[in-house]
Every structure is written in structure tokens, then in C-alpha cells.
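# Per-entry structural report
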Amino acid sequence: MHVKKYLLKCLHRLQKGPGYTYKELLVWYCDNTNTHGPKRIIREGPKKKAVWFMLTLLFAGLVCWQWGIFIMTYLKWEVSVALSIGFKTMDFPAVTICNASPFRSSKVQPLLQDLDELMEAVLARILAPTAPHANASRALNATIWNHTPLVFIDERDPHHPEVLDLFGDGHNGSAPGSSCSAQGCKVAIRLCSRNGTVCTFRNFTSATQAVTEWYSLQATNIFSQVSPKDLVAMGYPAERLILACLFGAEPCSYRNFSRIFHPDYGNCYIFNWGMKEKPLPSSNPGAEFGLKLILDIGQQDYVRYLASTAGARLLLHEQRTYPFIKDEGIYAMSGTETSIGVLVDKLERMGKPYSQCTVNGSDVPVDNLYRDYNTSYSIQACIRSCFQSHMIQNCSCGHYLYPLPPGHRYCNTRDFPDWAYCYSTLHMSVTQREACISMCKETCNDTQYKMTISMADWPSESSEDWIFHVLSQERDQSPNITMDREGIVKLNIYFQEFNYRTIEESAANNIVWLLSNLGGQFGFWMGGSVLCLIEFGEIIIDFLWITIIKLVALAKALRQKRTQARYDSPPPTVAELVKAHTNFGFQPDVAGPDPDPDPHPGAYPSEQTLPIPGTPPPKYDSLRLQPLDIIESDSEGDAI
């Protein structure tokens, strides 16, 4: 009951309003506020009132302008970068090592035999354009050539370039390809779709680039149809690639490396990946406490058209991260000792709203296809997963260079004849790249390894004889030298120093900065404080209160007018309503003989006693029927 009574009291108070008019409320505020300026407006003479009004209005505008600038600056979410240097014992980075050739020629020769013969014919045609090779081309595998052929583009007339086949007549009635010379023609790859009705050409400035890309495209088509187990068997095994290993003072071997298969480099081996064991720490900086390796890249067994670079590819990265060695790795030359000094940079980015970085990739709308490797999120993995999803969506198959989602197949010309055209179009699409970049995010915490590289010939001429003898004996158990300078790579990887740099982002403008600047501007221009803002908020509430009450009263008045408009004349009185339903024969009849008998239905017989008339109606007109809301408003007015 007390709560109900209290609520009713509050309701009546709200209906009554603050009890002021707009003018009275404004005068009260100017007279009682702690802000400088408004008091002088109501207390000074007419001239000073105008001056103080203009000054108060000007300074209030300046305060609002400055507030807008500070708020917009704060909402930009800018960051400042702090660089700090620390010193501690650090975990040694994961080291990924690959051979420049993904496969051994002796193992893949049966798969690439037709392609190699076709490649030899293409090179003979390019090197001797005037010799007749059309008849020889008929003995080659036409299936490989017809899907994705190489063509000559005659650019001797820049305004009307002409497309010529390498082993036949040109398209659209052009001259045979034998009439084209190397100086006037460029080699290009023709990619077609829809049974050859829609074609495009990939142009190159050099025939070397053209035939290399064409051979790689054809080899991708072949390897995509080979099982993963067979691909691993065709690569370089760890015991053949890694001849010697030493970490600090502890010996190691190929058994301390984890194997993954990389489509571009075949079998790659990772040291200190941290998947099954705890990462190895580095006890001290310097070359004596790092990782020393001797590798045999077996250059004599390279696939000559697939690997045109000789050496070892290596990458330093964090534990439990996938090595994108093609994009981030470096080469180590054969016949050299490569020393790599490492410095560590740790990046710590701020999350939302200061940046779009992600902690673990859970908020990225891209399915990470590299999660099967049990590795952490990276932006490279996201971009490649995004491209593969677009490849499957547009071409109905996945590219051989990227992981394949469950339920899909890799592209090949037998099952997907148009895949090369589709892949080339998608790969060159700027819209596709921008879409993937917009969806993928950088990691908030990242570790980068800066490398200082130096090289020297190894072994020297005076020591190569005994070194090769020992290595040959250890690998092949042969007293003869079975190794040479072209196949040996020596690596030294170590921390230059234990100092590491931390690059940390922090908010350039935080909430404390914003409040101090807002208060400083308000106090400087108008001498105000937080209490002044509360006073201003109070008067705003009162203004709104009065306005709402006036609007309610206006709505009632309009409703009353609409009710009165339904009557053409004033409402009838109570007496008029009673009279309309009452018998008006209130005069008593005289009993006696009727001289002129008129047999009316309402006449009384002469001998019958007349009835006593009823109570006459009232003679006042003060009671009038009025709408209920008008009566209520009048009663409220009387009560007030």
C-alpha cells in the first residue's frame, strides 16, 4: 500500500509539472548556475546584457567546437608505438629446410617422360624457328599440348598482332609459325575455356619465363593426380638430405626433424618445431651455441625443367606455425658456408577498436585449411585458404599448391578441362585479392626473426679432398669420393645476441586524455565544471517536462473541440430531456356533464374519479449534460 501510494504521488507530481514557465526557468538557471557569464546577462543593464550575451554565446560555441575536435580525435582510435629492449634466455626458432628441387628426377621420370619430350620439341622450335618441326610434333603426346599450348605472338605490327601456333598454322588463317623469328615474336601460353571458344593469352617478355611457367603448369596437372604417399616417396628423404647436425654442444641427426610435404619444394624438414616436445632454448648467443648443418642437395638428380635454381631453401619461424617457405624463405648456395645471425623482434598490436588484428583467428570468416597441420593462425594461411575456397567455388576443383577441403578434388585436365583458364582468370583478379585481404586479419602478437647473412666458399680447395672423402664414407660407405662441391651446403644459424626488441602498441588517446581535455576547454572558456554540466542537464529536463505537459494539454483541448463539433446546438438540459418523456396534461379536469360530448379515446367518463397528477418536472435549467473529460478537468481545476 505504501508503494502504491508513493507511486500515485509521483504520478500526480509528474502531471502537475515543475510549476514554472519557460522564462521563469531560464531566469532561475542564469541566476543560480556556477558557470560564468549567464549571471551577468540578467543582472546588468541593457547594453551590458547584450555584450555578455554575445560573449557567452561565442565562448559556448568555442567550447563545443573544441569538444568536437577532441571527440573526433579520440574516435580515430590512434595508437602510439613504444620500443623496448629486453635481455633473457630465448627459445631457439623453428628451422625449416627444403631442397630447391621438389622431387628426384630418377623417381618422377616415368610420370614426366611425355612432358619432357614435348618440352624438348618446344625448345627446339623456339631455338630454330625456321626448321620444319610440324611432322615431328605429331609423334608427341597431343593430349598435353592441346589443352594448354604455347603460341607465338607476332608483334612486328603492334596495331595488329598475330597469333601463330608453334607446331602448325596460325589461327584465323594466319601464316605458319615457321615464318616467325625470335626477334619479332614473343612466346605466350594460350588458355581456353568452353571447348576452345573463349581464350586468353599469358604474355611473357622472355621465352625462358614462358616455357618455365608452361612446364610448371603441366607438371601441376600431373602431380595433382598422384597420391600424397607417392609424392613423399618421390622427394628427398631426410637421411639423404641431412648429413650432419650439431646444436650447441649436443649432436643431432635427421631423426630430430619433423617432415611436412610442400607442393613447391617437396619434402621439407623442420627442426625444433615444438609439436611433440618442448622448444629448445639457446644457452648463449654466438655461433658456437647455434645450429650447424651439412646438407647434400643432390643436384645431379634435379628435375631439369622443374627446378632451375640449385641450393637449399630455409626459413626461421615460430614454433607451431606453418612455414610459408616460398614467400618468406631464403636460399643458401651450394659449395658455400652460410652463417645466419638472428635478432628477435616481438610485435604486440592492440585489438579492437584500435586495429582489426585477431588473437587466434576465431573471428575471421575464412575456413583455415592449414588447421590439419595443428598450427596456429597466420594471415598467410588465411589468404591462401580464401583463394582455395574461391577456386573451388568458381572452378569446381582445388589447386594443387594449397590444402584441399574435405569432399573436393584437385584440378586436372582430365576431369576439369577448363581449370587452367579459370585459375589464371581468378589468379589475376584484383577483386578476388581485395576480397581475401579484407576478410583476413593480422595476428595481434607476432615474432619476427631478422637475419644477417654472410657466405664463404666451403670447403676450401686445400681441404675439400679429405672432407669429401669423409662425407662419402659416412653416407655411401664408399672409399671413393661420391660427392662434390655442387651438392654440398653448410649452414650456421645462431643468435647474434640475447637482446630482443619489443614493439608494443598503446592507445595514443585514452579516456583520461579525453576527459582532461574536455574539462580543460570548458573551464578555460566558461569557468565551468562537471557540476555546471549537471545543472545544465537539470534545466534541459525541466524544459522537456514543461513541453510534454503543454503538449498533453493541447491534445486534450483538441479532443474537446472535436467532441463539441458533433452537436449543432448547445446540449439539452435535464428539464428538457424529462419534459420530452412526460405527459403534459397536469391541469385537473372538471367533473360534470359534457355539453358537447366528443368521444375521444382519452376522455374520462363523467362518473369516474380523476387520477391524481404526478410530480411536476423541475423548473431549473442549471444541470446540463457535458462530456466526462470536461467535468474532470473542471474538477481538477477547482482542486488546484
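- Per an unreviewed UniProt entry, the recorded name for the protein chain is Epithelial sodium channel subunit beta, and the organism is Erinaceus europaeus.
- Here is the UniProt Sequence similarities (unreviewed entry) comment for the protein chain, exactly as written: "Belongs to the amiloride-sensitive sodium channel (TC 1.A.6) family. SCNN1B subfamily."
- According to the UniProt record, the Catalytic activity (unreviewed entry) comment for the protein chain is "Na(+)(in) = Na(+)(out)".

### What to know about the packing of aromatic side chains
- This structure, assessed with the given rule, holds 23 aromatic pairs.
- Between Phe70 and Trp513 the ring centres are 5.7 Å apart and the planes differ by 80°, which places this aromatic pair in the edge-to-face class. With Phe70 in helix α4 (residues 46-75) and Trp513 in helix α16 (residues 511-526), the pair connects residues that are 443 residues apart, well separated along the chain.
- Take Trp513: its relative accessible area is 24%, and that puts it in the partly exposed class.
- Both rings, one in Tyr322 and one in Tyr370, keep their centres 4.8 Å apart while their planes meet at 55°; by these two values the pair is tilted. In this pair, Tyr322 is assigned in the loop between β12 (312-317) and α11 (325-328) and Tyr370 in the loop between β14 (336-348) and α12 (379-395), connecting sequence segments 48 residues apart. For the pair formed by Tyr322 and Tyr370, the shared burial category is buried.
- Ring pairing ties together the aromatic residues Phe92, Phe247, Phe257, Phe271 and Phe495, which thus form one cluster.
- Positioned above the aromatic ring of Tyr331 is the side chain of Arg313, whose terminal nitrogen or guanidinium carbon lies 4.5 Å from the ring centre.
- If you follow Lys346 out to its NZ or CZ, it ends over the ring of Tyr500, 4.8 Å from the centre.

### Let's talk about the UniProt feature "transmembrane region" (unreviewed entry) in the protein chain
- Following the UniProt record, the feature "transmembrane region" (unreviewed entry) maps to residues 50-75 here.
- Helix makes up 100% of residues 50-75 and strand 0%, with an end-to-end C-alpha separation of 37 Å.

### Considerations on the nonpolar core
- Ranked by size, the top nonpolar core spans 62 residues in total, and within it Phe103, Leu150, Trp214 and Trp419 carry the most contacts.
- Taken domain by domain, the makeup of this core includes at least three residues from each of domain 3 (90-104 + 226-506) and domain 4 (105-127 + 141-224).
- Leaving out residues up to four positions away in the same chain, Trp419 has contacts with Leu217, Thr220, Asn221, Met391, Cys397, His399, Cys411, Asn412 and Thr413.
- Core analysis: the second largest hydrophobic core is formed by 36 residues, Cys245, Phe247, Leu293 and Ile297 among them.

### Description of the state of the cysteines
- Applying the stated rule across the entire model yields eight disulfides.
- A disulfide bridge connects Cys357 with Cys444, and the sulfur atoms are separated by 2.1 Å. Judged by the torsion about the S-S bond (90°), the Cys357/Cys444 disulfide is right-handed. Here Cys357 is found in the loop between β14 and α12, whereas its partner Cys444 is found in the loop between α14 (430-439) and β15 (445-457), with 87 residues between them in sequence.

### As for the pairing of β14
- In this sheet, β15 lies alongside β14 in antiparallel orientation, the contact comprising 13 bridges. Bridge pairing in β15 places Glu337 opposite Ala456.
- Direction of pairing for β14 relative to strand β16 (residues 488-507): parallel, over a ladder of twelve bridges. For Lys346, the partnering residue across the bridge sits in β16 and is Thr502.

### A look at the sheet that holds strand β3 (residues 150-154)
- Sheet architecture is open: four strands sit in the order β4-β3-β5-β6, paired in antiparallel fashion. Edge positions in the open sheet fall to β4 (162-165) and β6 (198-203), since each of these has one partner strand only. Each adjacent strand pair in this sheet contributes to an overall mean axis angle of 40°, direction not counted.
- Of the pairings in the sheet, the one linking β3 to strand β5 (residues 185-193) comprises five bridges and is antiparallel in character. Bridged to Ile153 within β5 is Lys186.
- Sitting on the sheet, helix α13 (residues 419-427) is in contact with β5 and β6, with an inclination near 110° to β5.

What counts and how
Residues numbered from 1 in each chain as written. Predicted model: local features only at pLDDT ≥ 70, side-chain atom pairs only at ≥ 80, totals over all residues. Heavy atoms only, no water. UniProt positions renumbered as here; feature names shortened; annotations may be inferred. Phe/Tyr/Trp six-rings, centres within 6.5 Å; stacked < 30°, edge-to-face > 60°. Helix = DSSP H or I, 4+ residues; strand = E, 2+ residues; numbered from the N terminus. Buried < 20%, exposed > 50% of the residue type's maximum accessible area, 1.4 Å probe, protein only. Lys NZ or Arg CZ within 6 Å of the ring centre and 35° of its normal. Core = buried A, V, L, I, M, F, W, Y, C linked by side-chain atoms within 4.5 Å. Domains from an automatic or database assignment. Contact = heavy atoms within 4.5 Å. Disulfide = S-S within 2.5 Å. Pairing = 2+ DSSP bridges. Axes fitted to C-alpha atoms, helices over the stretch in contact; angles between N-to-C directions.

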